[in-house]
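Observations on the three-dimensional arrangement
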Amino acid sequence: MSRVYNFSAGPSMLPLPVLEKAAAEMMDYQGSGQSIMEMSHRSKVYDGVIKGAESLLRQVMGIPGNYKVLFLQGGASSQFAMVPMNLMVKNRKADYVLSGQFSTKAYQEASRYGDVKAVASSKGDTFSHIPEIDKNECRADADYFHICMNNTIYGTLWHTLPDTGSVPLVADVSSCILSQPIDVSKFGVLYAGAQKNVAPAGLTIVIVREDLIGEPLEGTPTMFNYGVMAKNESMYNTPPCWSIYMCKLVLEWIQNDIGGLEKMEAHNVKKAQVLYDFLDSSKLFKGCARKDSRSIMNVTFVTGDEALDAKFVKEAAQAGFVNLKGHRSVGGMRASIYNAMPMEGVEKLAAFMKAFETANA
Ligand SMILES: *Cc1c(COP(=O)(O)O)cnc(C)c1O
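Residues numbered from 1 in each chain as written. Predicted model: local features only at pLDDT ≥ 70, side-chain atom pairs only at ≥ 80, totals over all residues. Heavy atoms only, no water.

For K248, the location among the structural elements is in helix α6 (residues 241-258). Under the relative-accessibility criterion, K248 is labelled buried at 14%. Setting aside residues up to four positions removed in sequence, K248 forms contacts with Y29, G48, V49, G52, A53 and L56. (Helix = DSSP H or I, 4+ residues; strand = E, 2+ residues; numbered from the N terminus. Buried < 20%, exposed > 50% of the residue type's maximum accessible area, 1.4 Å probe, protein only. Contact = heavy atoms within 4.5 Å.)

To continue, consider the nonpolar core. Membership of the largest hydrophobic core comes to 59 residues, with the highest contact counts inside it found for Y46, L57, M61, F71, V173, L178 and L190. The dominant element in this core, judged by the number of residues it contributes, is α6, at 10 residues. Counting residues in hydrophobic clusters, the runner-up holds 33 residues, among them I296, F321, A335 and I337. (Core = buried A, V, L, I, M, F, W, Y, C linked by side-chain atoms within 4.5 Å.)

This part covers the pattern of salt bridges. Scanning all chains against the criterion turns up 20 salt bridges. Among the ionic pairs, E54 bridges to R58, the shortest N-O distance being 2.9 Å. Taken as a pair, E54 and R58 lie in helix α2 (residues 44-61) at a separation of 4 residues, close to a single helical turn. One network of salt bridges, in which partners are shared, links K21, E25, K248 and E252. (Salt bridge = Lys/Arg side-chain N within 4 Å of Asp/Glu carboxyl O.)

Following the criterion strictly, the structure yields 16 aromatic pairs and no others. Look at Y96 and Y144: their rings are 5.8 Å apart centre to centre, the planes differ by 70 degrees, and that puts the pair in the edge-to-face class. Taken together, the residues span a long stretch of sequence, with Y96 in strand β3 (residues 93-98) and Y144 in the loop between β4 (115-121) and β5 (145-148) at a distance of 48 residues. There is no split in this pair, since Y96 and Y144 are both buried. Centroid distance F285 to F312: 5.1 Å. Interplanar angle 70 degrees. Geometry classified as edge-to-face. Here the residue F285 occupies a position in the loop between α7 (261-281) and β11 (286-287), and F312 occupies one in helix α8 (residues 306-318), the gap between them amounting to 27 residues. For the pair F285 and F312, a shared accessibility class is recorded, and that class is buried. An aromatic cluster is defined as three or more aromatic residues linked by ring pairs; in this entry it consists of Y5, F7, F278, F285, F301, F312, F321, F352 and F356. (Phe/Tyr/Trp six-rings, centres within 6.5 Å; stacked < 30°, edge-to-face > 60°.)

Keep in mind these numbers describe shape, not what the thing actually does.
As structure tokens, this is what we get:
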């Protein structure tokens, strides 16, 4: 077996011990004589899996008791509509910060359902940093305030959360969930597609404060109603059974092998530092994100020469460092170094970049 260092932005690497455990349990899950993929989601065995995944997520993230955890489908992109449909119900107003492509999509989708305002944007600087917020732009009567916490395409992260007062803060955490501790009590809603840091594609995690679950906008599909999903404990219909099982294995890995989110964060910060330190000293490569906004999950960089970027991506892939090409909309390079990327992977990548620099000086 030979495995590459996979820097894909998503779906992305999963921890090897998790893949091994899933493989070992594939044909006969804990004496049931079936694979998780084949069993009824209403079975007693599966009930233990989904309940176990929720309880572990609550433990690992420290989710307070007044929050519901929903295991849904549809990806983070469905939440771009589900959030306004369920939350933009009092004053039909919401404020959004545009910090990249996903937050812009979320803003555009929400605009279909009410009075949605872009209160800050870093688009003018090609989203190379988290925008500064002018409080006078924010509306005290907004039903919620939306941010994308880690901007996967541009490689930026909110290192300090905005103070939204009594307006519930809603965050897309698709590419940073489980990468560091997060104070859930500061948020009204957190949502994430699982395929970056949690599980294979197919699962969407929503963590929502109970008092925000109520009557959604008229015409909201049943499947898009937080209340229906919460009341049915994510089992209104068939949940993404396999991905929830994988999520449970990943959470066990974080808890038992890593030792929790504080340790996970320390590990991730160290990994990112290896690449940023190299970029800051390099004469060829240059980091794209402003230093105060740097992500610890997605590291974006360029050489300044498109042909050389392409050459780098190609040679890196031949050397076993795959998926380093930047997002199709921005070009350049992006190393996504989620939880499952080992330190060895970033150290070897930095050494490869150094060798490439010397060879192309
Ligand atoms: C990947 C990603 C999305 C899109 O997720 P889907 O699950 O494919 O809909 C949205 N937001 C962020 C921050 C992402 O990284």
